[in-house]
Amino acid sequence: MKKDKKIYIVLTYTGTVLSKIIKGYTKAEYCHVSIALDESLKEMYSFGRLNPYNPFIGGFVHESIGTGTFKRFKNTKALIYSLELSNRKYNRLRKKIERF
């Protein structure tokens, strides 16, 4: 089967108070996960802050590496994985994201 599309799994650690608490509890190096549908990370989604200044009100959000929380915390540590998907699986994923 030919794989035609790539998605990106973005693991991050911003160093915020909330991320330090999560890291302390989980002992994981990264405490936030996003999924990006483009290589430039402009079409990126996760469950996170609805307002970058309020860590306690969250939901499903559209993120971009150059805006919001990522823009505020320029020393964010990140690890990015890419995954190839068939067109069919990529389109199914996109439809699921759109439902959110």
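All of these numbers come straight from a predicted model, not from anything done at the bench.

Asker: How should the pattern of salt bridges be read in this particular structure?
Answerer: It is possible for side chains bearing opposite charge to pair when their charged atoms get close. Within the structure shown, the criterion is met by two salt bridges. With its nearest N and O atoms 2.6 Å apart, the salt bridge here joins Lys 77 to Glu 29. Here the residue Lys 77 occupies a position in strand β5 (residues 77–85), and Glu 29 occupies one in the loop between α1 (17–26) and β2 (32–36), the gap between them amounting to 48 residues. Across the pair Glu 43 and Arg 94 runs a salt bridge, and its minimum N-O distance is 2.6 Å. One end of the pair, Glu 43, is in the loop between β2 and β3 (44–51); the other, Arg 94, is in helix α3 (residues 87–99), with 51 residues separating them in the sequence. By relative accessible area, Arg 94 is classed as partly exposed at 24%.

Asker: What exactly am I supposed to notice about the nonpolar core here?
Answerer: Across soluble globular proteins, nonpolar side chains have a tendency to be buried as a group. Within the largest apolar cluster, seven residues are counted, these being Ile 7, Ile 35, Leu 37, Tyr 45, Leu 85, Tyr 90 and Ile 97. Setting aside residues no more than four positions away along its own chain, Leu 37 makes contact with Lys 6, Ile 7, Glu 43, Tyr 45, Tyr 90, Leu 93, Arg 94 and Ile 97. Grouped together as the second largest cluster of nonpolar side chains are six residues, Val 10, Ala 36, Leu 41 and Met 44 included.

Asker: Is there a simple way to explain the packing of aromatic side chains in this structure?
Answerer: Aromatic ring pairs are defined here through the distance separating the ring centres and the angle between the ring planes. What the rule picks out here adds up to four aromatic pairs. Ring centres of Phe 47 and Phe 60 lie 5.1 Å apart, and the angle between their planes is 65°; on these two criteria the pair is classed as edge-to-face. Of this pair, Phe 47 sits in strand β3 while Phe 60 sits in strand β4 (residues 54–63); the two residues are 13 residues apart in sequence, bridging distant segments of the chain. Where Phe 47 meets Phe 100, the ring centres are 5.6 Å apart and the plane angle is 85°; that geometry is what we call edge-to-face. On the criterion of sequence distance, the pair formed by Phe 47 in strand β3 and Phe 100 in the segment after α3 is long-range, its members being 53 residues apart. Take Phe 47 and Phe 100: they sit in the same class, and that class is exposed. Taking NZ or CZ as reference, Lys 5 lies 5.2 Å from the ring centre of Tyr 90, over its face. A cation over a ring is seen here: Lys 23 above Tyr 13, with NZ or CZ 4.3 Å from the ring centre.

Calculation notes
Residues numbered from 1 in each chain as written. Predicted model: local features only at pLDDT ≥ 70, side-chain atom pairs only at ≥ 80, totals over all residues. Heavy atoms only, no water. Salt bridge = Lys/Arg side-chain N within 4 Å of Asp/Glu carboxyl O. Helix = DSSP H or I, 4+ residues; strand = E, 2+ residues; numbered from the N terminus. Buried < 20%, exposed > 50% of the residue type's maximum accessible area, 1.4 Å probe, protein only. Core = buried A, V, L, I, M, F, W, Y, C linked by side-chain atoms within 4.5 Å. Contact = heavy atoms within 4.5 Å. Phe/Tyr/Trp six-rings, centres within 6.5 Å; stacked < 30°, edge-to-face > 60°. Lys NZ or Arg CZ within 6 Å of the ring centre and 35° of its normal.

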